[in-house]
Every structure is written in structure tokens, then in C-alpha cells.
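Inside the fold
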Protein chains: 2
Amino acid sequence: MSDTEFKKIHESDALARHQVNPYGPNPADYLSNVDNFQLIDSTLREGEQFANAFFTTEKKIEIAKALDDFGVDYIELTSPVASEQSRKDCEAICKLGLKAKILTHIRCHMDDARVAVETGVDGVDVVIGTSKFLRQYSHGKDMNYIAKSAIEVIEFVKSKGIEIRFSSEDSFRSDLVDLLNIYKTVSKIGVNRVGIADTVGCANPRQVYELVRTLKSVVNCDIECHFHNDTGCAIANAYTALEAGARLIDTCVLGIGERNGIVPIGGLMARMIVAAPDYVKSKYKLHKIRDLELLVADAVQVNIPFNNPITGFCAFTHKAGIHAKAILANPSTYEILNPHDFGLKRYIHFANRLTGWNAIKSRVDQLNLNLTDPQIKEVTSKIKKMGDIRPLNIDDVDSIIKEFHAEINTPALVPKKTKADEEPLDITAEPATKKAKKE
Amino acid sequence: MSDTEFKKIHESDALARHQVNPYGPNPADYLSNVDNFQLIDSTLREGEQFANAFFTTEKKIEIAKALDDFGVDYIELTSPVASEQSRKDCEAICKLGLKAKILTHIRCHMDDARVAVETGVDGVDVVIGTSKFLRQYSHGKDMNYIAKSAIEVIEFVKSKGIEIRFSSEDSFRSDLVDLLNIYKTVSKIGVNRVGIADTVGCANPRQVYELVRTLKSVVNCDIECHFHNDTGCAIANAYTALEAGARLIDTCVLGIGERNGIVPIGGLMARMIVAAPDYVKSKYKLHKIRDLELLVADAVQVNIPFNNPITGFCAFTHKAGIHAKAILANPSTYEILNPHDFGLKRYIHFANRLTGWNAIKSRVDQLNLNLTDPQIKEVTSKIKKMGDIRPLNIDDVDSIIKEFHAEINTPALVPKKTKADEEPLDITAEPATKKAKKE
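Residues numbered from 1 in each chain as written. Chains lettered and ligands numbered in written order. Predicted model: local features only at pLDDT ≥ 70, side-chain atom pairs only at ≥ 80, totals over all residues. Heavy atoms only, no water.

Naming follows an unreviewed UniProt entry, where chain A appears as homocitrate synthase of Arxiozyma heterogenica. Database annotation for chain A, UniProt heading Catalytic activity (unreviewed entry): "acetyl-CoA + 2-oxoglutarate + H2O = (2R)-homocitrate + CoA + H(+)". Per its UniProt entry, chain A bears the Sequence similarities (unreviewed entry) comment "Belongs to the alpha-IPM synthase/homocitrate synthase family. Homocitrate synthase LYS20/LYS21 subfamily." (UniProt positions renumbered as here; feature names shortened; annotations may be inferred.)

This is the structure we're talking about:
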């Protein structure tokens, strides 16, 4: 095959691929809800189970409003039976008149359900442990008892005209047949959603895909998923669940929750914008992620993790020489996320020993200095040598560049002037002073 | 079906499942290397591209020794052509005589290869961009040129008797046929490994599974994978790659690297110990993860993220009442990771409004006090009320319990003594004093 033929094939190929998003779901996969998902934010329920969380009523209201403004579809609150104040807070948030629907999360028990339906919520999320661990060590009930309680609670909540979700707990360690039996039962009596919960954070993406796809064939309602992050797979599991036909994902701001938490809303947005950019950008106010995270981080007294998706301090920082070169030519070469979508900026870290001459050339242009490519390569080599000795900051690099620029220009002047034996014009004065100050 | 029959079926089912690890790979999947993987730690290469990283020679040696002690199979170092000191450091680490094999990572170019083979490394990792982005904006070469350079470099490195890996860059945005063509070529000329790199962090688990499985059918050598974490899927992608037959995963301590980094070694261990506990425990010194992370966090001046797998401050903290109850009966109910495997401890957070009476009962026992279950429920209610008003610490809860215990016992004494009209024995003195101090 000639180079021309090779090129032709590739161009038509590239054209064909332009019509779809290659990082999105497989378009042949009719199950996928990757571009049709909803968020149930649980910062005020699961998040309250985070070790450091103590939310006052005012803080809960502030967080609920911020979540609503961001665009989450549902806000889930701590059970009103957890404490007297929890009940009052639930009622107060229901009265805010938010666009997001308000849910509360209760045990599968009539005592809890009776209190929940009186708070003014739009829906009730019911949960019961179905794994043999939970049946043995938590509530001690068998599957028949679980089914009976579930039906009673569901019919009661439905009779009040509000939404009802039934979820198992620790679903990935529950018996598959037990699970499908109970989900089929509750689907028949008309729940709005069934929930799958990876309560201990043990699930992996292919397990998630299989379970959700199987469940999808058994129930007629939406599927909601709740993934803990103990083994670092929560975001990937959520994405794969949507591919398999789940519709709703539980999130928390910064992922706060029991132990090290669940799917973080920011990280999930990073994942979803790659797969379904139009849907995500039209539905959620992505430029509010940073403020939302800062609000919650401050409330629970943690720092934004250095490696947080999107808002980590270096999420859009490029350092290695070959990366910087390509990023300068086209940011898409080394960026799948565009910082501008989140109201943020990219940064090219050129002040270090791994830097390359393309990054330095860009800096020389920013400084409005004129150097040829061979000259830029020479000064880059000086910068790399200095970067071997100690950490550099931007001022250090700028000084080296300016000094080099001055030296380049000085020799051209010096020979002319030496003839006259005069004091040469000190055009290096400014950088030299700067350098002296540093040393 | 009667309850007895139901129970019988379940017991035999539980027995059958005891013989396999239900969270591990599908045993029918002959491709899987989940219990036969190797780690290439790149903290001293990819990690050096982290915005904050500046490693002195001494620090590099300290990190290399710690990685070796932990048990990584390979240690990858920055290219010796990056800077003069990078070359010297590479030589110094090769001379340490570590058990781990030492690799260096270079561009697919003879100039780099000639320097690399002289450093004393056990192997060379070669990389070249194959996506249309990188071909257009980075090196500007076509696939024929790439293949030609690759063959030259590979044959040269092999002639020196050391290991050679060939990797594409940005593999998930490269043309599949181009990729398979070049991998097939380099496999035929005898590379030790081929590498897939998700350079921009766009890949999702099912894409990874498909690409690795396809590649596995084309090459005769091992497959290594390098996953960036921009969209939060690095750990899950690594796990899924192993399921599909990849053998080696690139990691960094705390995942440090370009932008927000790659697969973190600690997080991957959390994932892998669930799937292949015997392999992971026998091969890696898991109790050293915390020290390894602290060493690197200190060197690059970051904090361990609050939600870090395993070592995050709350990774083994349980808070909600229903969780605490079950954890006290059997930790496996809400824990997929055992903190003892990592030299760490679990903690039950009982001092808050979400607490339950089982958690308080456990605390009452720890305090060596005698209260009946109804009494414990009563004091739990008091604690929850106080927890509604303000954040509680352990001292607060202990004071409430001790005071309650004293009150319970006092009335029993008071009636007896009032008859004699004497001063009642002040058994509440100690808690009362404590309480006074607090107020």
C-alpha cells in the first residue's frame, strides 16, 4: 500500500469516526443510559455518615440549595427517625421548594415509613440487607420476612402518593436468585425504582455489568446504583452500570460517606462528560463543581485531595517536555477534559528539568523576547541543568531566559564598543540585578 | 417451600461458594491474570512528571529501596537523556543491587536508546504516540516511520541482552488496525512486552477489556498497561485489563504523575487483595503501604487524600448505628478489606447522632459498667439528643454514659439512706466532677 493510499483510507476513517463519539457507549448497545442518566445526591444522608460530618440545619440548607443549583435530580436526606433534629431538618428542606425532588432513606420497617411520609418528602428510599452476612449479623431475618416487610412498606408509601424505591444492601454478596425474586416481586407491586448497593465496595465493573443487565430483564422500573469506593472502583462501576441499563447513580460531593465513601459527583462528571458531552453540559452547571466541593470540604473539615478529578490542584497541569510541546499545538493531544468546561484553566509547568524547548519557546513568546530556535534550545539546556540542582519556579526560569537574551545581544554590542574603549552599554542590568538578588 | 427447606438449600449453597472466592475473577475465564500479575512502579518516572515532584538523588534512592522492599517487580526511571543528573541517578540506582528489575523509559529513537543501554538498566521501555492527535501534533510521523524506528530500536536494545518493551501512547484513541499491525510486528521480532497506554485517561473498563483481549490474540508476549486517572477509572481499568489477560500494571505511589496521575499502588492493592488474597499477601509487604505513601507524600509535599484507599484517615471508620451493630458482631458485614492485613485498625465512631444502641452497648462494656439493654437504649437516646445539638467526642459520650450510670444507681441508694437522715454516699462524685469541668 502506497503512502497516499494509506493516507486516503485514514482520512475517510477519521471522517466516519467524527460522526460518533468514540469514547462514548457502544451505539449498538440499546441498554445504555450513559446519555440519559439521573443523579441522586446523598451528601446529606450517606455524607452524614462520613466520620467528620456534623451538619447544622443552616449548613444542610446551604448544601441542598447548592446541589439544586448544580442540577442534581434528587437530594437524599438522613432518616427522620435517626434523631429529632434529623426529622426537623428533613421537613425544613422539603419546604424550600427546590427543583430537585427530596428523598429520605429509611429501614424497611413500618415504624420508619410512618414517620417518613409525614415529613413532606417526594419519595422514600427503603433499604434492607439481603446478604447472608447482613441477614445473620444485622437484622437476623430470612428472605420471606424481608419480602413481607417490603410489600407492607411499599404499599403504605404508595398509598400516600409519593415515590418509593426498594433497595437491597450488600447486593454483590447476596444470592442472585434471592435478589431477583425480591426485585421481581417489588417491581410487580409498582415501585418507582429498585436499587443495587455495593455496600462494602467489593464490586468490579464486569460483575456490575452482569448484575445490572440481568436485573434489567427482570424488572419494569428504573434501576438505581450505589457504589462504595473501598477498592477504588466506584466511578467505573457507576459508568458500567449505566452502560448496562441502570438509570440513576447515587453520588456525594467529594464522595464523602461511610469509610472512604461512595461515587464523587465531580469524578462522575469527569467520566460522563467524556461519554456524553452534550447531555452533561446541558443538564449540569459544571462550572459550579469547584464551589460545591469547597462548600462541603469546609463543612466537614477536609482538604480537596491533591489528585481529585477536575479540581485537584494539578488536574490540568502538564509537565514533561514532550507533553508540553503537543499541548501547545493542540490541547486535545494530552487532555480528554477541557478545563474551560469547568470554569478552570490549564497550566504548562515549564520550570523543571523535564521541560522541553517547545515549552520554553512558548514562555519566550509570552515574555515578548526574540530568540531563534537554536538559541531557545541552548537556553532550555541551561534551564534543565539548573533544574537538576534544585526545584525551579517561574521567576527562576524567567531570569535565566532574560539573562540569556541579554547575553545574546550583548556580544554584538561589545565588539563595536571595545574599539572605542568605552564602558559598554549595560543592557543586562535588570536581569543581572534580579539574579544577584536571588543568589 | 417451607422455611426448613429454604434454609437447607441456602446452607448447601453457602458451602459451595466457600470453595471459590466470589469477588475474584470468573474461574471460567482462562485469560485472567488477576492472580498472576506484576507491578512496574513508575514513581521515579511518571511520578517525576507530577507538578510538585523534585527528587534529589538521595530521595530517589530512598524511594527505590522502599519500593523494592515492598516487593514491586520493576522500578521504572526517568529517561537518562532528560537531563545530566537523570542519567547519573539512573546509573546510581542500577548499582544498588535491588531485587526489583530496573527499567528506563525513552522515546522510540536511537539517540535515546544508545544512552539508555549504557546506564546498567535491566530493560528499556520504549514509547511512541500512535493516535492521530499525537502523530499530527507531537512527532508528526506516519505509521510506516513508527514501525521502522521501532524495529531499529528494539533490535539494538535486544542486541545488548536486556529487556525491551514497546508501547504505543494514547492507545485508546489510536486506530485499532494500526495498533494491531505494529504490535504484531514488534511481537514477531521478540519484544518482552507490549504496552497499552491510556495517556489521557479516557478509557472505560469495557473498552479496556475488549482491546486487551483482542491484543492478547495477536501477540505472543506479555501485555503491560498504563492508565491515567483523569476520569477516575484507573484502578478499575487496571483490574479489568488483568481480567482480559494483561500481565503487568504501571503504578505510582499515591498515583502521582502528569495531571492527576495514574493507578495508585495502594488503591490497586485494595482492589487486588479482594480478588486474589493469597497471591497479594504472599508477594507484597502490605503493612509497608502506609510508610511508602508517607515517604512519597513528604517528598512531593502533598497530604494523603482524606479518602485514600486503605490509608485515608477514615477508610476503616464505621459510623451509622446499623453499621456499628453488625461490625461488632462480624467485621465482614461492612468490610471487604481487613485493616489488620495492612497493619491498621478499625474504628467505630459512636459519638454522634447517627449512633445506635449496639455501638453504645459496646462502649458501656469497654467502660466496664453494668447497664441493662433498656437502660442502654435510654442513654443512647440521650446521646443522640446531645449529638443533634453539637459535634460530640468520645469524652462527651463517656461522660453522658457515666453520669447516667451513676443516676441509675443513686436512687436505689437514696431511699435506703433517707430513713436514717444521713448524708447519702456520693458515688456520683467522680463523673459529676468530670462533668463540671466540661461545663
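As for the interface of chain B and chain A
Taken together, the 103 residues of chain B in the interface contact 102 residues of chain A. Counting residues per element, the side of chain B that touches chain A draws most heavily on helix H1 (residues 3–18) of chain B, which supplies 6 residues. Here the residues of the side of chain B that touches chain A are counted per class, giving 44 nonpolar, 29 polar and 30 charged. (Contact = heavy atoms within 4.5 Å. Helix = DSSP H or I, 4+ residues; strand = E, 2+ residues; numbered from the N terminus. Nonpolar A, V, L, I, M, F, W, Y, C, P; charged D, E, K, R; others polar.)

Topic: the relation of the copies chain B and chain A
Both copies of the chain are related by one operation, a rotation about an axis with a shift along it. Expressed as a screw transformation, the operator carrying chain B onto chain A has a rotation angle of 180 degrees and an axial translation of 0.0 Å, and the superposed copies differ by an RMSD of 0.1 Å. Such a combination of turn and shift is consistent with a two-fold rotation axis. Scanning chain B for the C-alpha nearest the rotation axis identifies Pro305(B), at a separation of 2.3 Å. Interface overlap between copies: 99% of the residues of chain B at the interface are likewise at the interface in chain A, consistent with a symmetric, same-surface contact. (Least-squares fit on C-alpha atoms with pLDDT ≥ 70 in both.)

So, the packing of aromatic side chains
For any pair of aromatic rings, the description rests on two quantities: the centre-to-centre distance and the angle between the ring planes. For the coordinates displayed, the defined rule picks out 14 aromatic pairs over all chains. With centroids separated by 6.4 Å and ring planes inclined at 40 degrees, the aromatic side chains of Phe172(A) and Phe227(A) adopt a geometry described as tilted. Linking Phe172(A) in the loop between strand E5 (163–169) and helix H7 (176–188) with Phe227(A) in strand E7 (residues 222–227), this pair joins segments that are 55 residues apart in sequence. Taken individually, Phe172(A) and Phe227(A) each receive the classification buried, so the pair is uniform in this respect. The residue whose ring lies beneath Arg206(B) is Tyr209(A), and the NZ or CZ to ring-centre distance is 3.9 Å. Arg271(B) extends its terminal NZ or CZ atom over the ring of Tyr239(B), reaching a point 4.6 Å from the ring centre. (Phe/Tyr/Trp six-rings, centres within 6.5 Å; stacked < 30°, edge-to-face > 60°. Buried < 20%, exposed > 50% of the residue type's maximum accessible area, 1.4 Å probe, protein only. Lys NZ or Arg CZ within 6 Å of the ring centre and 35° of its normal.)

Focus: the sheet that holds E7(A)
Adjacent strands of a sheet form backbone hydrogen bonds with each other and so pair up, either parallel or antiparallel. All names here are of chain A. Overall, parallel pairing links the 8 strands, which are arranged E1-E2-E3-E4-E5-E6-E7-E8 in a closed barrel. Across this sheet, the average inter-strand angle for adjacent strands is 25 degrees, counted without regard to direction. Two elements, strand E1 (residues 38–41) and strand E2 (residues 74–77), share 2 bridges in a ladder whose sense is parallel. Looking at E2, one finds that Asp41 is bridged to Ile75. Of the strands in this sheet, strand E6 (193–198), E7 and strand E8 (248–251) are in contact with helix H9 (residues 234–243), which crosses E7 at around 170 degrees. (Pairing = 2+ DSSP bridges. Axes fitted to C-alpha atoms, helices over the stretch in contact; angles between N-to-C directions.)

Concerning the UniProt feature "domain: Pyruvate carboxyltransferase" (unreviewed entry) in chain A
According to UniProt, the positions carrying the feature "domain: Pyruvate carboxyltransferase" (unreviewed entry) are residues 37–290 of chain A. Its end C-alpha atoms 22 Å apart, residues 37–290 of chain A is made of 43% helix and 18% strand.

A short note on helix H10 (residues 265–275) of chain A
All names here are of chain A. Along H10, 11 of the 11 residues are buried, which leaves the element largely enclosed by surrounding structure. For H10, the set of buried residues is Ile265, Gly266, Gly267, Leu268, Met269, Ala270, Arg271, Met272, Ile273, Val274 and Ala275. Tucked into the core, H10 has its buried residues touching E1, helix H2 (57–70), H9, E8, helix H11 (277–283) and helix H12 (289–299).

What about unusual backbone geometry?
The residue Arg259(A) is not glycine, and still its phi comes out positive at about 55 degrees. Following the sequence through the fold, Arg259(A) ends up in the loop between E8 and H10. Residue class for Arg259(A) comes out buried when judged on its relative accessible area of 1%. Notably, Leu254(B) is not glycine yet its phi reads approximately 60 degrees, a positive angle.

Some details on the sheet that holds strand E7 (residues 222–227) of chain B
Residues and elements named next belong to chain B. With parallel pairing, 8 strands are arranged side by side around a closed barrel as E1-E2-E3-E4-E5-E6-E7-E8. For this sheet the average axis-to-axis angle between neighbouring strands, irrespective of direction, equals 25 degrees. The pairing of strand E3 (residues 101–107) with strand E4 (residues 123–129) spans 5 bridges and is classified as parallel. By the bridge assignment, Arg107 is partnered in E4 with Val127.

Description of the nonpolar core
Formed by 226 residues in total, the largest nonpolar core has its most connected members in Phe70(A), Ile75(A), Phe166(A), Met269(A), Phe70(B), Ile75(B) and Phe166(B). When near neighbours in sequence (up to four residues on either side) are disregarded, Ile75(A) contacts Asp41(A), Leu44(A), Ala64(A), Leu67(A), Asp68(A), Leu98(A), Ala100(A), Lys101(A), Ile102(A) and Leu103(A). (Core = buried A, V, L, I, M, F, W, Y, C linked by side-chain atoms within 4.5 Å.)

Some words on H9(A)
All names here are of chain A. By the criterion of burial, H9 is predominantly enclosed, with 10 of the 10 residues buried. Taken as a whole, H9 has its buried residues at Ala234, Ile235, Ala236, Asn237, Ala238, Tyr239, Thr240, Ala241, Leu242 and Glu243. Just downstream of H9 lies Gly245, where phi reads positive at about 115 degrees.

Topic: the confidence of the model for chain A
Residue and element names in this part refer to chain A. Scored by pLDDT, chain A has a mean of 86; 87% of the residues are at 70 or more. For the stretch residues 414–439, pLDDT sits under 50, and the model shows 17 contacts to residues farther than four places along the chain or on other chains. The ipTM, which scores confidence in the relative placement of chains, is 0.84 for this predicted complex, and the corresponding pTM is 0.84. (pLDDT = per-residue confidence, 0-100.)

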